[in-house]
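Chain by chain, the residues run as shown.
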Amino acid sequence: MRTWLWRLLFVSLLCRVECDSAMGNSSSGSLSIVIVYIVLFAFPLLCTGIGVLHTRGKVKRTVISYTLADRSLTGTVGTMVMISTWICTGYLFGSAESVVTSGRGLLWTQGPLGFSISFVMSSFLFCEQLREKDMITILDPMTEKFGVFITPLLYLPCLLGEVLWIGMLVHSLRCFVTIVLGFSSPLIVYYVIVCCIIVPAVGGLYSIKYSGLTEFAVIVLFLLVSVASLGSSPYVGDISAHRSSWLGTIEREEWGEWIDETLLIVFGGTCWQVYFQQMLSCRTIEASRVMSLFTGLGTFLIGLMACLFGVFASTIDWSQFGEIGSLAGNEENVVSYLVKYILPPLPRAISLAGIIATIMGSFSGAIHSSGSEFVLAIYKELIRRQASEREMLFVMRVFMVAISVAGVLLSLLMRSLYDYWVLTSDLIYVFVFPQLLLAIWLSKVVNTYGAFAAFFVTVLLRFGVGAQFVGVERVGALPSWLPFRTLVVVVAMVVEVSVSVLFKFLIVRKGYSSLDCFEAFTPRRQIKKQEKEKRSKRASGN
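Source: prediction; values computed, not measured. (Residues numbered from 1 in each chain as written. Predicted model: local features only at pLDDT ≥ 70, side-chain atom pairs only at ≥ 80, totals over all residues. Heavy atoms only, no water.)

## Re the packing of aromatic side chains
As enumerated under the stated definition, the model contains 31 aromatic pairs in all. Ring geometry for Trp86 and Phe119: centres 5.2 Å apart, planes at 75°, overall edge-to-face. Of this pair, Trp86 sits in helix H4 (residues 75-86) while Phe119 sits in helix H6 (residues 111-125), placing them 33 residues apart in sequence. Where Tyr449 meets Phe503, the ring centres are 4.5 Å apart and the plane angle is 5°; that geometry is what we call stacked. Residue Tyr449 is located in helix H20 (residues 448-464), and its partner Phe503 is located in helix H21 (residues 484-509); the two are separated by 54 residues in the primary sequence. Taken together through their ring pairs, the aromatic side chains of Trp86, Tyr91, Phe115, Phe119, Phe126, Trp165, Trp272, Tyr275 and Phe276 make up a single cluster. (Phe/Tyr/Trp six-rings, centres within 6.5 Å; stacked < 30°, edge-to-face > 60°. Helix = DSSP H or I, 4+ residues; strand = E, 2+ residues; numbered from the N terminus.)

Structure below.
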């Protein structure tokens, strides 16, 4: 562990040399080199050191200990760690971007309210059902009900959503560093990413817990100081006088789209392994429910502060800053502009640390949960059932590096943070949420055949009604007032229940056991037992 920290310190010194040279050649000079070094290099090293050193002697060499921290989180600690993991730059920057974007505004920024409701609903829908069975991943209840055959299909949207999330974090980090510091520095970006990888790679959730507590404190301090500073800034105009520029409107024909976006955030917002993993890491069901409820409250309050960034920015005359001129076309960088041009030096330094903290907590949590999900639900179940604990830990670490690289590459293609932020919930909402809900609450009705049918119907309908993120245009004309994502979810659930009932009727009631190719009703061992009994009866009859 100490070797890794010394290596990080060496890299941070290299970054300092690069930063010193770049700042010397930069005309912006927006931050002194001392503040830059302390915040961008020493702070990630501090969080990494706290997370790594505090895990010594605590982590057992087992996947369960590495993944769930031996289910040792209390409700209070779990809340702070979950908030530090959940509050990312996509949430902060995306909310502010939505407020200042023409045609959207505060009324179209459903994230803060939607995610808070999502945590509250998940605490009642899923906490007790998963925690009392000591499950580990979000795929466990679906694998238990539908079998391992469908697990890879349900894992794909989870994996894609996590890669998008990681790419969004890298993209926001790169843009933030470039704008605030006045120069592009890939070495700084990669240094922060390496710190984010080392935290979960060394100590798993134990390391994330200790570094997350530090990050939580810095995030709260950053938000309080920056909101107070912006509220008293002479650059910020009268909020009420600029109400039309930040409030937004919802036209009559837009209510369907608004409801659709809200529902996808509410129901797709927390169906993520990163949430379920930390919820299942709590000591008791009560602690997991407390964590969920207070995390919902915390994300709502933090989301309101992020919206305030957008409200303040909409009242500023950006033409007085020659490098910007106007926010039109630069909405995703609004928080970076506020930090660089509006905040005084001390709040600016605190904001730098706070934004780095949001990126580190979310990045570490995302790759750790994704690695745990892959190893336990895919590698162990489908690839190598006989894999040892040591082998699974090695594969998990390799996978965390691989998904980080994938996220970095994807970040090069990203533009609007808010669009990708919504897209991540979109995938989970239409593909994962209905399967998870039915597997838990209608487990006696649905089965593998209904799950397969619902998945493929979802693929056809979701891409059929339009998927601009992969270049698929809408097939056919749908009315603008129709919440098409929610329509896909409802149709998929109806299909799953109907097909499940049909196959159960044909196989169980009518006796067409040959249709049970996935052994949903007649396991292979039961078939062999029945055949053996028939042979015994025939033998005794003879």
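## A word on helix H17 (residues 345-383)
When the terminal C-alpha atoms of H17 are compared, their 53 Å separation across 39 residues agrees well with the 57 Å that a helix rising 1.5 Å per residue should span. Taken as a whole, H17 carries its principal kink of about 35° at Val375. The buried count for H17 comes to 33 of 39 residues, which makes it a mostly enclosed element. (Expected span 1.5 Å × (residues − 1). Bend = angle between axes of the 7 residues up to and from the residue. Buried < 20%, exposed > 50% of the residue type's maximum accessible area, 1.4 Å probe, protein only.)

## Some details on helix H18 (residues 389-411)
Side chains of residues three or four places apart in an α-helix project in the same direction, reflecting 3.6 residues per turn. For H18, built from 23 residues, the straight-helix expectation of 33 Å at 1.5 Å per residue is met to within 8% by its first-to-last C-alpha distance of 33 Å. Among all positions of H18, only Glu391, Met392, Leu393, Val395, Met396, Phe399, Met400, Ile403, Ser404, Gly407, Val408 and Ser411 are buried. Of the surrounding elements, those touching the buried residues of H18 are helix H3 (63-68), helix H9 (151-181), helix H10 (186-203) and H17. (Contact = heavy atoms within 4.5 Å.)

## Comments concerning the packing of helix H16 (residues 334-342) against H17
At a minimum axis separation of 9 Å, H16 and H17 run at an interaxial angle of 150°. By the angle between their directions, the pair H16 and H17 is classed as roughly antiparallel. Judged by the twist between their axes, the crossing of H16 over H17 is left-handed. Here H16 contributes Val335, Val339 and Lys340 to the contact with H17, which in turn contributes Arg348, Ser351 and Ile355. Of the residues contributing to the contact of H16 with H17, the split by class is three nonpolar, one polar and two charged. (Axes fitted to C-alpha atoms, helices over the stretch in contact; angles between N-to-C directions. Parallel < 35°, antiparallel > 145°, perpendicular 65-115°, else oblique. Left-handed = near helix turned anticlockwise from the far one by under 90°. Nonpolar A, V, L, I, M, F, W, Y, C, P; charged D, E, K, R; others polar.)

## Notes on the confidence of the model for the protein chain
For the protein chain, per-residue confidence averages 85 on the pLDDT scale, and residues scoring 70 or more make up 87% of the total. Counted against residues more than four places away or in other chains, residues 20-31, with its pLDDT under 50, gives 22 contacts. (pLDDT = per-residue confidence, 0-100.)

## A look at the state of the cysteines
Note on terminology: a disulfide is the covalent bond linking the sulfur atoms of two cysteines. In total, this model carries zero disulfides according to the counting rule given. No disulfide involves Cys196; its sulfur sits 6.8 Å from that of Cys195, the nearest cysteine. Overall, the relative accessible area of 1% leaves Cys196 in the buried class. (Disulfide = S-S within 2.5 Å.)

## Side note on the nonpolar core
Within the largest apolar cluster, 153 residues are counted, with the highest numbers of intra-cluster contacts made by Phe126, Tyr275, Phe309, Trp318 and Phe363. For this core, the leading source of residues is H17, giving 18 residues. With sequence-adjacent residues up to four places away left out, Phe309 is seen in contact with Ala96, Phe222, Leu223, Ser226, Val227, Leu230, Val335 and Leu338. (Core = buried A, V, L, I, M, F, W, Y, C linked by side-chain atoms within 4.5 Å.)

## A short note on the side chain of Asn333
Relative to the assigned elements, Asn333 resides in the loop between helix H15 (285-314) and H16. Apart from the residues within four sequence positions on either side, Asn333 is in contact with Cys175 and Ile179.

## Side note on a nonpolar patch on the surface
A cluster of nonpolar side chains, namely Val120, Phe124, Val290, Leu293, Phe294, Leu297, Leu301 and Leu304, defines an oily patch on the protein surface of about 670 Å² accessible area. Listed by contribution, the elements that provide at least two residues to the nonpolar patch are H6 and H15. Among the elements that line the nonpolar patch, the one with the most residues is H15, at six residues. Relative to the assigned elements, Phe294 resides in helix H15. (Patch = residues over 30% accessible without salt bridge, like charges linked within 9 Å, V, L, I, M, F, W, Y side chains within 5 Å. Areas by Shrake-Rupley, 256 points an atom, 1.4 Å probe, with all protein chains shown as cover. Salt bridge = Lys/Arg side-chain N within 4 Å of Asp/Glu carboxyl O.)

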